[in-house]
Amino acid sequence: MQAPDSHAAGTMSERSAGHSILKRSIATMIAIGVAVVLVLLLLSGLINREIAWTASRSPRTPALPIRAHFADTAAMFAAVDAYVKSEMNAVRAPGLSLAIVHGDQIVHRRSFGIADPQGRPVTSETPFILGSLSKSFTALAIMQQVGQGRVVLDAPVQRYLTWFAVRDSMASTQITVRHLLNQTSGLPKSAGLQLIRGAEAATRAEEARLVTGVRLHHAPGAAFEYSNLNYWLLGLVLEAVTGTSYETYVHAHVFSPLGMTHTYTDEREAQRHGLAQGYRGWFGFPRAEELPYYWREMSVGYLISDADDMAKYLLAHLNGGSDGGPFVISAQGLAELHTPPVGSPYAMGWLTDSVVGTSVLWHTGAVANYHGDMLIVPSARWGVVMLSNVNSFVLEGQLSAAAKGVASLLLGYEPPRPRWIRFRAVYALIAALGVIWLAWRIKQVATLVRWRKSAASGPAEPVWWRPAGALVDPGVALGLFVGVPLLLGSPLSTLRWFAPDLTDWLILNTVVALLTAGARMAQRGVK
């Protein structure tokens, strides 16, 4: 009669031991994952990153510039074209449109490559989504309202958006319009990267919910931090003070006066006029993709234009607010728009920088499948715009550096040597690591199958396959899954938007690691 009780007690003891092992295994995986996350957080504070959604400046200690020698202007523009084509090919961009202005004239146009998979050639009238180049238009529109007395730069945002409030109620009253323009509001970059949800906000209450839980990273006015949320709010301020939509306003008060007849606020209209097909980078190669058009983020990054119209826009910035027609802003307002606060690189929709020792204003722009850069050299009265129909967070820095390289040539110097690993080298490394990773995963699965089949004969387990070693793999995978977005300063949803290849690998790697570890532990009888 005692044998069944003894057997039951033994079974319960085995189950208890199994549950204990399972709990310790999970705790070990989590501990390993946390360690990996901490290492990545440490790296994020030590490295200087240039990524798709962050305006970044040139190195503070540039190499000594090398003089370029051109027989005449035609030779200079030929060198520019060759350089741009080389950089475009280096990142495998399908198409690119370039325009250069000098003084009060458009002096050079050149387009390269294709606008869509059917092979339609890019021209200077091919529209592209501008990404964050749109912020400059938003800043200009707000400064127009400042000039008319409808907006006061140092007035709190709550004067114009009564519902505006972040988590800190006192700080909410201190954030001003100027803070939004200069990106010194304290609103975090991470909140701006989640702004895709703003496309779904149709009411003031829904808009308010996007910011009410946001915790500021620093006191208003204390420091620069690039956040799309600043310019999303400015678009709402513009609508509040003008009583009209953002789209209607910029058409009437910016595009029309400057003769920008091929600039759009509607994707369907732009498509009717030849909008370039956007491409996303997948493991180093462009892939044509139709992605959502977030029109409610117009003030942040969804205006659409071509190189010709953007050249007109640059002329206005170089010539006191006019491209030869009506003035869209006063000289005083334009000067303020171009001037950053003390200690910050960001003016109002423009980033200050230098090229071969000469001060420039520039901005990069990117959505998931388009990239653009614009740059002006006020002292020499040069302007450059480059628009492309591809994007990937790996190629961002290289394309932006190319725009500055063009400016170097225009100023009589060779483009500076790149200071980071080039696009193709990065993906060659990724490809090599990918092959190693795939071979390792295949070996893991094959070893598991072989070990299960021969388990009855009691074979020795590989050292790396024993419980302690087996837990390292899923622990590291979990750590990478959580830590890589933190390293890049981006939520996973945004990383998936700008780097689908990397994000898909993170997900796949984590799933495979967990399944493999689970199968291994099940084989050992952990229930």
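Residues numbered from 1 in each chain as written. Predicted model: local features only at pLDDT ≥ 70, side-chain atom pairs only at ≥ 80, totals over all residues. Heavy atoms only, no water.

Regarding the overall build of the chain
Line of reasoning, step 1. Counting its regular elements, the chain contains 18 helices and eleven strands.
Line of reasoning, step 2. For the chain, with 527 residues in total, the buried portion stands at 52%.
Line of reasoning, step 3. In the chain, once contacts between residues fewer than 6 apart in sequence are set aside, the share between residues at least 24 apart is 72%.
Line of reasoning, step 4. Taken as a whole, the chain presents about 23,300 Å² of accessible surface, with 60% of it coming from carbon and sulfur. (Helix = DSSP H or I, 4+ residues; strand = E, 2+ residues; numbered from the N terminus. Buried < 20%, exposed > 50% of the residue type's maximum accessible area, 1.4 Å probe, protein only. Contact = heavy atoms within 4.5 Å. Areas by Shrake-Rupley, 256 points an atom, 1.4 Å probe, with all protein chains shown as cover.)

Observations concerning the sheet that holds strand β5 (residues 285–288)
Line of reasoning, step 1. Taking strand neighbours across the sheet as the criterion, the three strands line up as β5-β4-β11 in an open arrangement whose pairing is mixed. Unpaired on one side and paired on the other, β5 and β11 (390–391) mark the two borders of the sheet.
Line of reasoning, step 2. Pairing analysis gives four bridges linking strand β4 (residues 279–282) to β5, with the strands arranged antiparallel. Note on β5: the bridge partner recorded for R280 is R287. (Pairing = 2+ DSSP bridges.)

Focus: the confidence of the model for the chain
Line of reasoning, step 1. For the chain, the average pLDDT comes to 85, and 84% of its residues sit at 70 or higher.
Line of reasoning, step 2. Ignoring residues within four places in sequence, the model shows residues 48–54, a span with pLDDT below 50, making 30 contacts including any to other chains. (pLDDT = per-residue confidence, 0-100.)

Some words on a nonpolar patch on the surface
Line of reasoning, step 1. Together, I26, I30, V34, L38, L41, V482 and L486 make up an exposed nonpolar region whose accessible area comes to about 580 Å².
Line of reasoning, step 2. When contributions to the nonpolar patch are tallied by element, the ones reaching two or more residues are α1 (2–46) and α16 (467–487).
Line of reasoning, step 3. Residue contributions to the nonpolar patch peak at five residues, all from α1.
Line of reasoning, step 4. For I30, the position within the fold is in helix α1. (Patch = residues over 30% accessible without salt bridge, like charges linked within 9 Å, V, L, I, M, F, W, Y side chains within 5 Å. Salt bridge = Lys/Arg side-chain N within 4 Å of Asp/Glu carboxyl O.)

Some thoughts on unusual backbone geometry
Line of reasoning, step 1. The phi dihedral of Q183 is positive, around 60 degrees, even though this residue is not glycine.
Line of reasoning, step 2. For Q183, the position within the fold is in the loop between α5 (177–182) and α6 (189–193).
Line of reasoning, step 3. Look at Q183 and you get buried, because its relative accessible area is 0%.
Line of reasoning, step 4. Phi is positive for V356, which is not a glycine, with a value near 40 degrees.
Line of reasoning, step 5. Within the secondary structure, V356 is located in the loop between β7 (351–355) and β8 (358–367).
Line of reasoning, step 6. Classification of V356 as partly exposed rests on a relative accessible area of 25%.

Topic: the pattern of salt bridges
Line of reasoning, step 1. Under the definition given, this model contains twelve salt bridges.
Line of reasoning, step 2. R109 is paired through a salt bridge with D308; the nearest N and O atoms lie 2.5 Å apart. Of this pair, R109 sits in strand β2 (residues 105–113) while D308 sits in helix α12 (residues 307–318), placing them 199 residues apart in sequence.
Line of reasoning, step 3. Linking E336 and R178 is a salt bridge whose minimum nitrogen-to-oxygen distance equals 3.2 Å. Of the two residues, E336 sits in helix α13 (residues 331–337) while R178 sits in helix α5, which places them 158 residues apart along the sequence.
Line of reasoning, step 4. Looking at E336, the relative accessible area reads 27%, which means it is partly exposed.
Line of reasoning, step 5. Salt bridges sharing common partners tie together D154, R178 and E336.

Remarks on the nonpolar core
Line of reasoning, step 1. Of all hydrophobic cores here, the largest spans 136 residues; its most connected members are F137, L181 and M310.
Line of reasoning, step 2. Top contributing element to this core by residue count: helix α8 (residues 228–242), with nine residues.
Line of reasoning, step 3. When residues no more than four places from it in sequence are discounted, the contact partners of F137 are L130, Y246, V254, F255, M260, L303, M310 and Y313. (Core = buried A, V, L, I, M, F, W, Y, C linked by side-chain atoms within 4.5 Å.)

A closer look at the sheet that holds β7
Line of reasoning, step 1. Taken in spatial order, the six strands of this open sheet run β2-β1-β10-β9-β8-β7, and their pairing is antiparallel. With partners counted over all chains shown, the strands left at the sheet margins are β2 and β7, one partner each. Strand-to-strand twist across the sheet, computed as the mean angle between neighbouring axes with direction ignored, equals 20 degrees.
Line of reasoning, step 2. In the sheet, β7 pairs with β8 via five bridges, with the strands oriented antiparallel. (Axes fitted to C-alpha atoms, helices over the stretch in contact; angles between N-to-C directions.)

What to know about the environment of Q158
Line of reasoning, step 1. Relative to the elements of secondary structure, Q158 occurs in the loop between α3 (134–147) and α4 (169–174).
Line of reasoning, step 2. Remark: the alpha-carbon pair of Q158 and T173, spanning 15 residues in sequence, is separated by 6.6 Å.
Line of reasoning, step 3. Excluding residues that lie within four positions of it along the chain, Q158 makes contacts with F164, S172 and T173.

Remarks on helix α2 (residues 73–90)
Line of reasoning, step 1. Compared with the 26 Å implied by 1.5 Å per residue over 18 residues, the 26 Å span of α2 between its first and last C-alpha is a close match.
Line of reasoning, step 2. A distance of 3.3 Å separates the backbone nitrogen of A74 from a side-chain oxygen at the start of α2, and that oxygen is part of D72.
Line of reasoning, step 3. Positive backbone phi, approximately 55 degrees, marks R92, located one or two places after α2. (Expected span 1.5 Å × (residues − 1). Polar contact = N/O pair within 3.5 Å; in protein donor to acceptor, adjacent residues only side chain to side chain.)

Concerning helix α9 (residues 246–255)
Line of reasoning, step 1. Listed as buried for α9 are Y246, E247, Y249, V250, V254 and F255. Within α9, the buried residues cover an arc of 155 degrees as seen down the axis, which keeps them to one side.
Line of reasoning, step 2. Lining the buried residues of α9 we find α3, α8 and α11 (298–301). (Arc of directions from axis to C-beta.)

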